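Descriptive analysis of the structure
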2 protein chains.
Amino acid sequence: MTYAVHINIMPLKELLDPQGKAVQSGLSNLGLKNIQNVRIGKHVVLRIEADSENRAKEIAEEASRKLLANQVMEYFEITVAPEV
Amino acid sequence: MTYAVHINIMPLKELLDPQGKAVQSGLSNLGLKNIQNVRIGKHVVLRIEADSENRAKEIAEEASRKLLANQVMEYFEITVAPEV
């Protein structure tokens, strides 16, 4: 079966996010001053062919650990859904 | 009230995603061959101070249109949740 997998890769909460800070001050300059705590990461969408939802999640975890995320600076969250 | 807003900014489905293609062949070289259709975008998390969930979503839309997304090449999806 094919699963649609979404992975969010975000900078660790303990770390500063200079890109997010820059965007926040950009938004503030545009008049959007009630926005705070901007953090920017990656959103990866992939299709995984697997026997079960759990197996698809394992494959996504392996992909995240081996290639997508740098775990020194980032954490990842995975959601799996059967493809419509 | 403060809302936690998540914005996914992805390349338009009609466009090629060379970054996604590169990641897909990288994963394939690592032995993860049952992964397809890799697409990579941005995931932005922000806190918005607003009177209602709808108002928070409007602010997030304005931020996406004015600064975060390039609508010639990207589309965005917004989810709003009251902050815990």
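Residues numbered from 1 in each chain as written. Chains lettered and ligands numbered in written order. Predicted model: local features only at pLDDT ≥ 70, side-chain atom pairs only at ≥ 80, totals over all residues. Heavy atoms only, no water.

Re the relation of the copies chain A and chain B
Condition: In superposing the copies, a least-squares fit is computed on C-alpha atoms, taking residues whose pLDDT is at least 70 in both.
Expressed as a screw transformation, the operator carrying chain A onto chain B has a rotation angle of 180° and an axial translation of 0.0 Å, and the superposed copies differ by an RMSD of 0.0 Å. A rotation of that kind, with that shift, is consistent with a two-fold axis. Scanning chain A for the C-alpha nearest the rotation axis identifies A:Lys42, at a separation of 2.2 Å.

Considerations on the interface of chain A and chain B
Note the following rule: Whether two residues are in contact is decided by their heavy atoms, any of which lying within 4.5 Å being enough. Two parts placed together each lose some accessible area under a 1.4 Å probe, and adding up what both lose gives the buried area. What counts as a salt bridge is simple: a side-chain nitrogen of Lys or Arg found within 4 Å of a carboxyl oxygen of Asp or Glu. Polar contact criterion, stated in full: a pair of N or O atoms within 3.5 Å, where within protein one must be able to donate a hydrogen and the other to accept it, and residues adjacent in sequence count only if both atoms are side-chain atoms. What counts as a helix is a DSSP run of H or I of at least four residues, what counts as a strand is a run of E of at least two, and both are numbered from the N terminus.
In this complex, chain A contributes 29 residues to the contact, which on the side of chain B involves 29 residues. For the pair chain A and chain B, the summed buried area comes to about 2600 Å², and 67% of that belongs to carbon and sulfur atoms. The largest contributions to the chain A side of the interface with chain B come from A:Asn34, A:His43 and A:Arg47, which together make up 21% of the buried area. There are 0 salt bridges connecting chain A and chain B. There are 10 residue pairs in polar contact (both at pLDDT 80 or more) connecting chain A and chain B. Of all the secondary structure elements, the ones that give two or more residues to the side of chain A that touches chain B are strand S1 (2–11), helix H1 (18–29), strand S2 (35–49) and helix H2 (53–68) of chain A.

A closer look at helix H2 (residues 53–68) of chain B
Put simply, the test is: Relative accessibility decides the category of a residue: with a 1.4 Å probe and only protein chains considered, values under 20% of the type maximum give buried, values over 50% give exposed, and everything between is partly exposed. What the arc describes is the spread of directions from the helix axis to the C-beta atoms.
Considered for burial, the residues of H2(B) that qualify are B:Ala56, B:Ile59, B:Ala60, B:Ala63, B:Ser64 and B:Leu68. For H2(B), the angular spread of buried residues about the axis comes to 140°, placing them on one side. Tucked inside the fold, the buried residues of H2(B) contact H1 and S2 of chain A together with strand S1 (2–11), strand S2 (35–49) and strand S3 (74–82) of chain B.

Considering helix H1 (residues 18–29) of chain B
What counts, and what does not: Given a helix with a known number of residues, its expected span is that number minus one, times 1.5 Å.
With 12 residues, H1(B) extends 17 Å between its outermost C-alpha atoms, agreeing within 8% with the 16 Å of an ideal straight helix rising 1.5 Å per residue. Among all positions in H1(B), only B:Gly20, B:Val23, B:Gln24 and B:Leu27 are buried. Buried residues in H1(B), looked at end-on, bunch into an arc of 105°, giving them a common side. In this structure, H1(B) carries B:Pro18, B:Lys21 and B:Asn29 as exposed residues pointing more than 90 degrees from its buried face. The inward-facing, buried residues of H1(B) abut H2 of chain A together with S2 of chain B. Looking one or two residues beyond H1(B), the residue adopting positive phi is B:Gly31, at roughly 95°.

Concerning the side chain of A:Asn8
Tracing the sequence through the fold places A:Asn8 in strand S1. Reaching out from A:Asn8, the side chain makes a polar contact with the side chain of B:His43 at a distance of 3.4 Å. If near-sequence neighbours (up to four positions away) are discounted, A:Asn8 is found in contact with A:Lys42, A:His43, A:Tyr75, A:Phe76, A:Glu77, B:Asn8 and B:His43.

What to know about the pattern of salt bridges
All names here are of chain B. Scanning the model with the defined rule gives 6 salt bridges over all chains in all. We note a salt bridge from lysine 66 to glutamate 62, for which the minimum N-O separation is 2.7 Å. Of the two residues, lysine 66 and glutamate 62 both sit in helix H2, 4 residues apart, roughly one turn of that helix. The exposure class assigned to lysine 66 is partly exposed, which follows from its relative accessible area of 44%.

Geometric values such as these leave the question of function open.
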